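Listed below, chain by chain, are the residues.
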Protein chains: 2
Amino acid sequence: MEWKPDKHGELPVYQQIAKRLEQQIIEGELPPGSSLPAERVLARRYGVNRGTVSAAYEELRAMGLLQSWQGSGTWVSQHLWGVKQMPNWYKYTNGGAFLPAYPLAKRIQEACFDPSIINLAKAELTTSMIPPLSLQNLDDANENSFELGYAHPKGDVKLREVLATHLHEHYGITASPEEILVTSGAQQALHLISLCLLSPGDAIAMEGPSYSYSLPLFSSAGLRLYRLPMDKEGIIPEAIKSLHLEHRLRMVFANPTYHNPTCCVMSYARRRQLLDICQELRIPLVEDDAYGALTIKNGQKPPLPIKAMDASGTVLYVNSTSKTVAPGLRIGWLVGPRSVIERLADAKQQMDFGTSSVSQQLARHFLESARWKNQMERLSGYLYSQRQVMQAAMEKEMKEYATWSIPEGSYHFWCRLVEPMDEQILIDAAIREGVVFTPGSVYGAEQGWLRLTYSWEKGTAIEEGIRRLGKVLGNKTS
Amino acid sequence: MEWKPDKHGELPVYQQIAKRLEQQIIEGELPPGSSLPAERVLARRYGVNRGTVSAAYEELRAMGLLQSWQGSGTWVSQHLWGVKQMPNWYKYTNGGAFLPAYPLAKRIQEACFDPSIINLAKAELTTSMIPPLSLQNLDDANENSFELGYAHPKGDVKLREVLATHLHEHYGITASPEEILVTSGAQQALHLISLCLLSPGDAIAMEGPSYSYSLPLFSSAGLRLYRLPMDKEGIIPEAIKSLHLEHRLRMVFANPTYHNPTCCVMSYARRRQLLDICQELRIPLVEDDAYGALTIKNGQKPPLPIKAMDASGTVLYVNSTSKTVAPGLRIGWLVGPRSVIERLADAKQQMDFGTSSVSQQLARHFLESARWKNQMERLSGYLYSQRQVMQAAMEKEMKEYATWSIPEGSYHFWCRLVEPMDEQILIDAAIREGVVFTPGSVYGAEQGWLRLTYSWEKGTAIEEGIRRLGKVLGNKTS
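Rules used in this analysis
- Residues numbered from 1 in each chain as written.
- Chains lettered and ligands numbered in written order.
- Predicted model: local features only at pLDDT ≥ 70, side-chain atom pairs only at ≥ 80, totals over all residues.
- Heavy atoms only, no water.
- Helix = DSSP H or I, 4+ residues; strand = E, 2+ residues; numbered from the N terminus.
- Rg over C-alpha atoms; globule rule 2.2 N^0.38 Å.
- Contact = heavy atoms within 4.5 Å.
- Areas by Shrake-Rupley, 256 points an atom, 1.4 Å probe, with all protein chains shown as cover.
- Lys, Arg positive; Asp, Glu negative; His and termini not counted.
- Charge placed at Lys NZ, Arg CZ, Asp CG, Glu CD.
- Least-squares fit on C-alpha atoms with pLDDT ≥ 70 in both.
- Axes fitted to C-alpha atoms, helices over the stretch in contact; angles between N-to-C directions.
- Parallel < 35°, antiparallel > 145°, perpendicular 65-115°, else oblique.
- Left-handed = near helix turned anticlockwise from the far one by under 90°.
- Nonpolar A, V, L, I, M, F, W, Y, C, P; charged D, E, K, R; others polar.
- Pairing = 2+ DSSP bridges.
- Salt bridge = Lys/Arg side-chain N within 4 Å of Asp/Glu carboxyl O.
- Buried < 20%, exposed > 50% of the residue type's maximum accessible area, 1.4 Å probe, protein only.
- Buried area = accessible area lost by both parts, 1.4 Å probe.
- Polar contact = N/O pair within 3.5 Å; in protein donor to acceptor, adjacent residues only side chain to side chain.
- Domains from an automatic or database assignment.
- Core = buried A, V, L, I, M, F, W, Y, C linked by side-chain atoms within 4.5 Å.
- pLDDT = per-residue confidence, 0-100.
- Expected span 1.5 Å × (residues − 1).
- Phe/Tyr/Trp six-rings, centres within 6.5 Å; stacked < 30°, edge-to-face > 60°.
- Lys NZ or Arg CZ within 6 Å of the ring centre and 35° of its normal.

K.L.:
I'm lost on the overall build of chain A in this one. Help?
P.N.:
Secondary structure assignment for chain A yields 15 helices and 17 strands. In terms of overall dimensions, chain A is globule-like: its C-alpha atoms have a radius of gyration of 26 Å, near the 23 Å expected for 478 residues. Counting only C-alpha atoms, chain A reaches 75 × 55 × 55 Å along its principal axes. For chain A, contacts bridging at least 24 residues in sequence account for 72% of all contacts bridging at least 6. With an accessible surface of roughly 19000 Å², chain A has 50% of that area assigned to carbon and sulfur atoms. Taking the 50 positively charged and 51 negatively charged side chains of chain A as two groups, their mean positions are separated by 3 Å.

K.L.:
Explain the relation of the copies chain B and chain A to me, please; I cannot follow it from the model alone.
P.N.:
Superposing the two chain copies requires a rotation about an axis and a translation along that axis. If you rotate chain B by 180 degrees and push it 0.0 Å along the axis, it lands on chain A with an RMSD of 0.2 Å. Here the two chains are linked by the operation of a two-fold rotation axis. The overlap is high: 99% of the interface residues of chain B also sit at the interface in chain A, so the same surface is used on both sides.

K.L.:
Would you mind showing me how to read the packing of helix α6 (residues 157–171) of chain B against helix α12 (residues 357–368) of chain B here?
P.N.:
In a packed pair of helices, the relevant descriptors are the angle between the two axes and the axis-to-axis distance. Residue and element names in this part refer to chain B. Axis separation between α6 and α12 bottoms out at 9 Å; the angle between their running directions is 30 degrees. Comparing their axes, α12 and α6 come out roughly parallel. As α6 runs across α12, the sense of the crossing is left-handed. Of the residues in α12, those touching α6 at Lys 158, Leu 159, Val 162, Leu 163 and His 166 are Gln 360, Ala 363, Arg 364, Leu 367 and Glu 368. For the contact of α6 with α12, a count of residues per class yields five nonpolar, two polar and three charged.

K.L.:
I tried to follow the sheet that holds strand β17 (residues 449–453) of chain B on my own but got confused; where do I start?
P.N.:
In sheet architecture, strand pairing relies on hydrogen bonds along the backbone and comes in two forms, parallel and antiparallel. Residues and elements named next belong to chain B. The strand order across the open sheet formed by four strands is β13-β14-β17-β16, and the pairing between neighbours is antiparallel. The sheet terminates laterally at β13 (402–404) and β16 (438–439), the two strands that pair on one side only. Note that β13 and strand β14 (residues 412–417) share three bridges and pair antiparallel. Bridging across to β14, Trp 404 finds its partner in Cys 415.

K.L.:
I'm lost on the pattern of salt bridges in this one. Help?
P.N.:
Should their charged atoms come close, side chains of opposite charge can pair. Throughout the structure, instances matching the rule amount to 44 salt bridges over all chains. In this structure, Glu377(A) and Lys373(A) form a salt bridge, with 3.9 Å as the shortest nitrogen-oxygen distance. One end of the pair, Glu377(A), and the other, Lys373(A), are both in helix α13 (residues 371–397), four residues apart, so they sit about a helical turn from each other. A salt bridge links Glu464(B) to Arg468(B), with the shortest nitrogen-to-oxygen separation between them at 2.8 Å. Of this pair, Glu464(B) and Arg468(B) both sit in helix α15 (residues 459–477), four residues apart, roughly one helical turn. If you follow the salt bridges from partner to partner, you end up with Lys154(A), Arg160(A), Glu178(A), Arg338(A) and Glu342(A) in one network.

K.L.:
Which parts of the structure should I look at to understand the environment of Cys263(B)?
P.N.:
Residues and elements named next belong to chain B. Structurally, the position occupied by Cys 263 is in the loop between β9 (249–254) and α10 (268–281). When its relative accessible area of 7% is taken as the criterion, Cys 263 is described as buried. In sequence terms Cys 263 and Gly 444 are 181 residues apart; their C-alpha atoms lie 15 Å from each other. When near neighbours in sequence (up to four residues on either side) are disregarded, Cys 263 contacts Tyr 258, Pro 407, Gly 409, Ser 410 and His 412.

K.L.:
How should I be thinking about the interface of chain B and chain A in this particular structure?
P.N.:
Interface size, as often reported, equals the accessible area lost upon joining of the parts. Listed as interface residues are 82 residues of chain B and, on the opposing side, 81 residues of chain A. The junction of chain B with chain A conceals about 7300 Å² of combined surface from both sides, 58% of it contributed by carbon and sulfur atoms. The largest contributions to the chain B side of the interface with chain A come from Tyr92(B), Arg282(B) and Gln350(B), which together make up 11% of the buried area. Viewed at the interface, chain A and chain B are joined by zero salt bridges. Run the count over chain B and chain A and you get 22 residue pairs in polar contact (both at pLDDT 80 or more). Those elements that place two or more of their residues in the side of chain B that touches chain A are α4 (89–93), α5 (103–111), α7 (185–197), α8 (217–220), β9, α11 (338–352) and α12 of chain B. Residue contributions to the side of chain B that touches chain A peak at ten residues, all from α11(B). Residues of the side of chain B that touches chain A, tallied by class, amount to 39 nonpolar, 29 polar and 14 charged.

K.L.:
Whenever I open this one, unusual backbone geometry confuses me. Can you help?
P.N.:
Generally, phi is negative for residues other than glycine and the peptide bonds are trans, each holding for most cases. For the peptide bond that leads from Gly208(B) to Pro209(B), omega is 0 degrees, which places it in the cis range. Structurally, Pro209(B) can be placed in the loop between β5 (203–207) and α8. Of note, the amide linkage connecting Asn260(B) to Pro261(B) takes the cis form, showing an omega dihedral of 15 degrees. Tracing the backbone shows Pro261(B) in the loop between β9 and α10. Look at Tyr258(A): it is not a glycine, yet its phi comes out positive at around 50 degrees. Non-glycine residue Arg330(A) carries a positive phi angle of around 55 degrees. Within the secondary structure, Arg330(A) sits in the loop between β11 (315–320) and β12 (332–335).

K.L.:
How should I be thinking about the domain arrangement of chain A in this particular structure?
P.N.:
When cut into domains, chain A gives domain 1 (13–93), domain 2 (103–123 + 377–477) and domain 3 (135–369). Inter-centroid distance (C-alpha atoms) of domain 1 of chain A to domain 3 of chain A is 48 Å.

K.L.:
Would you mind going over the nonpolar core with me for this structure?
P.N.:
The tendency in soluble globular proteins is for nonpolar side chains to be buried side by side. Core analysis: the largest hydrophobic core is formed by 162 residues, its most contacted members being Leu452(A), Met398(B) and Leu452(B). Among residues more than four places away in sequence, those in contact with Met398(B) are Ala393(B), Trp404(B), Cys415(B), Leu452(B), Ile466(B), Leu469(B), Gly470(B) and Leu473(B).

K.L.:
Explain the confidence of the model for chain A here, please?
P.N.:
Note: predicted coordinates in regions of low pLDDT should not be interpreted at a detailed level. Residue and element names in this part refer to chain A. Summing up the model confidence of chain A, the mean pLDDT is 89 and the portion of residues at 70 or higher is 95%. Low confidence marks residues 137–142, where pLDDT is under 50. Its contacts with residues over four positions away, or in another chain, come to three contacts. The ipTM for the predicted assembly is 0.81, set against a pTM of 0.83.

K.L.:
Is there a simple way to explain the pairing of strand β1 (residues 66–69) of chain A in this structure?
P.N.:
Remember that side chains alternate between the two faces of the sheet whenever the strand is regular. All names here are of chain A. Relative to strand β2 (residues 73–76), β1 runs antiparallel, the two sharing four bridges. Following the sheet pairing, Ser 68 is matched in β2 by Thr 74. Counted along the chain from β1 to the antiparallel partner β2, the turn is three residues long, and its residue Gly 71 has a positive phi close to 80 degrees.

K.L.:
Help me understand α7(B), please; the structure alone is not making it clear to me.
P.N.:
Note: α-helices contain 3.6 residues per turn, so residues at a spacing of three or four share the same orientation. Here α7(B) contains 13 residues, and its C-alpha end-to-end distance of 18 Å stays within 8% of the 18 Å for a straight helix at 1.5 Å per residue. When you tally the buried positions in α7(B), you get 13 out of 13 residues, the bulk of the element.

K.L.:
Honestly, the packing of α5(B) against helix α14 (residues 423–433) of chain B in this entry has me stumped. Any pointers?
P.N.:
All names here are of chain B. Taken N-terminus to C-terminus, the directions of α5 and α14 make an angle of 10 degrees; their axes are 12 Å apart at the nearest point. In terms of orientation, α5 and α14 fall into the roughly parallel class. Between α5 and α14, the contacting residues are Leu 104, Arg 107, Ile 108 and Ala 111 on the first element and Glu 423, Gln 424, Ile 427, Asp 428 and Ile 431 on the second. For the contact of α5 with α14, a count of residues per class yields five nonpolar, one polar and three charged.

K.L.:
What should I look at first to understand the side chain of Asp310(B) in this one?
P.N.:
Residues and elements named next belong to chain B. With respect to the helices and strands, the residue Asp 310 is situated in the loop between β10 (285–288) and β11 (315–320). The exposure class of Asp 310 is buried, given its relative accessible area of 12%. Engagement of the side chain of Asp 310 in a polar contact is seen with the backbone nitrogen of Thr 314, the distance being 3.0 Å. A polar side-chain atom of Asp 310 sits 2.9 Å from the main-chain amide nitrogen of Val 315. Discounting chain neighbours no more than four positions away, the residues touching Asp 310 are Leu 275 and Val 315.

K.L.:
How should the packing of aromatic side chains be read in this particular structure?
P.N.:
Pairs of aromatic rings are described using the distance from one ring centre to the other and the angle between the two planes. For the coordinates displayed, the defined rule picks out 18 aromatic pairs over all chains. Note on Tyr150(A) and Phe353(A): the rings are 5.0 Å apart at their centroids and 40 degrees apart in plane angle, and the pair reads as tilted. On the criterion of sequence distance, the pair formed by Tyr150(A) in the loop between β3 (118–119) and α6 (157–171) and Phe353(A) in the loop between α11 (338–352) and α12 (357–367) is long-range, its members being 203 residues apart. Given a relative accessible area of 21%, Tyr150(A) falls into the partly exposed group. Three or more aromatic residues link up through ring pairs in this structure, and these residues are Tyr171(A), Tyr317(A) and Trp372(A). For Arg250(B), the ring lying beneath its charged end belongs to Tyr92(A), and the centroid distance is 4.1 Å.

Okay, structure coming up:
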């Protein structure tokens, strides 16, 4: 969040401002010779009197850090005598091949760390739904302490064996441990794919909207992104053919089950068709299945993942424990042809020398026992009641302003505003009112969509959050 | 390791070979139209009779996968009827912005997974020197289970507080928790720096030889690498000036304490001089201190890190628990100006969504107690006796073939061969003899240097390993 002086702080406000500017000068964010905002501009930005800024500038002039010339403004002195000069870090932090997060996404992320704000943006299980994890109370008494050496570059072999069984039993996917790479969540799997299998300039296609639009990682890798049209059954696969003709697609990314953010589920026939087209064109298909197991109580079970019907090795399948067990574990996996897994394992080894072996052992012990199944049943009921609470609150508070359909799985309502409005204004107003959500543009949707998440806040907070949001929408649309 | 048929396997050898080739064809490693090795060439590679390869090729011709033409060899059929076609993964795994590991480094890494080979390459603590880690038996009874949500993008705030104290107490470094980023080992810190603060084409300087030469991550980021000359006191800092004039250095990487691979320690005066030059030229200095705490019993304590004398914010300091406590934790940290830490935290968030919170908690509990200090004392004695064993064995077995100096800290002897020899031949012979080490070229050294590590194998295995190595050197140099 943008820095502001603390009016109740120990230091007088003008000194806080002077200190802040001094730091920016020393760190090179304000390089020698750069001009400072006019006093009234900075005063407005910080919500203080112009005189306060004046006093701060005066302080810095006295230190030799600033220079002013009547009528021509204020600059950072060209020669900073006595100031320890550090490298011009500003130049470094604003260069680099890796793009910073989009400002709107960042603003929301920051609001998520403020506990006074009701959080309908955070796609994370609430603490009480995260099961306790330990190596204690295991049948296998030999294994009650962690192995702490480096694991195999593909991931701990015992975890990969457990994953092979888990994938077969719960997802209908046949894969040997050699065809599985353990990653730091699904996120890292996507990062590895974009960095190691694709090259700058490559064209890729993905759902529009998509969670992936919130990730600058594809743009950072220099990829050209094209969106695939969707209807209620998900991606319309025929569109791939024409996109491919025009742009020579190098990869397709899809999230067929409880698609983030729309929560839509791709039908069996569509999955089949998508796979056939990718296979025919020999375009790799990346299937993100992070929410796939989260069917809400009484919801219809979704079809098996596309990977389960992939006999040709076209699909790279990505999943994790983050949405089902515990995000803090940072355990995900990628399933694909052995040659691909080996290449990515090699790159991962260079990037971070493998995934925490402690996390890998905890994940293994959870996934190999009955606990995973129990956890899924528990989650299914939890998500049901959470969804019901949000739905009732929305009916009460937001019906005039938005429409939505009811998700059968996962964490979110995807709402369409009756009257689209500027998202920057909307999110600012919501945060002021004490509630945060995710505007659709973060996912590349057109203006007027919101994603509201019911996995994090508990019953009454959800009601209060929706009430606040309704109030904001009411003020703005009226 | 390269695939070989298993002569005692269930399938006849020719069928194993046929199956292997079939898989390579299906996975696109051998694309349609590509030519296969002549039968006698493949026979030699696999250590089988030519007739066996003949039979395998015949099998694949029968399946329609191969075509032969008298006198012109054998190719993969242009049209693979009946074969499920996957994407041409070969094209994908050989493209991408991220370079694969160097073949020699990879060969050694693979040999390290063979338990029959005595390992003098693995720079890892032997299992018995890794302390048991748990949250049990802590004074703070409220904290005996893991927090499993996502941690703060910079890392768990409590861990960063503990690190701030730890850095101050043991390394003389003053940093607030806001100036610390928790990473997945030191490796990830280097990766983040190279990807986010530098751009392709940027010139960087580092020690020659350097551990960093073993990392394709700098080349992957498109950086131009220049080496700084060294003597017994480490980098000769004056060289930075001329390199900078010629190439406009964007960053300097240094490993001043127990430098990997030479184990040399930069003197206090040299550190001062290096920092002054970087500060004067406003070039950021990355200080890798991963081995810094590992002074061997009776060894002279090294000077404090350069970061401890850095009042200007020129140094990015990198360290981890991998060499001191447990590599499998994958916990490292980067200390630098707040603006840099924030930029890198943002990028890390996009890459892997943060470091395992389980690992972070275990690291915190270890570092905040007296256990870290006890561990360092224990290690200091362990490294002493290990070094003595290796030294005695070397005196006995290798004296005619190599020279070395005695390290005062860390894990390695850096040996110079009296007569340089081809490293590929040497490492192959050593692996055949059942011992593996790291040839200097992996670190960018000239031919004729070896790094021998005494942290992993125990006493008698070190003796036997050095005996085997002596034998290999004796055969080759005689």
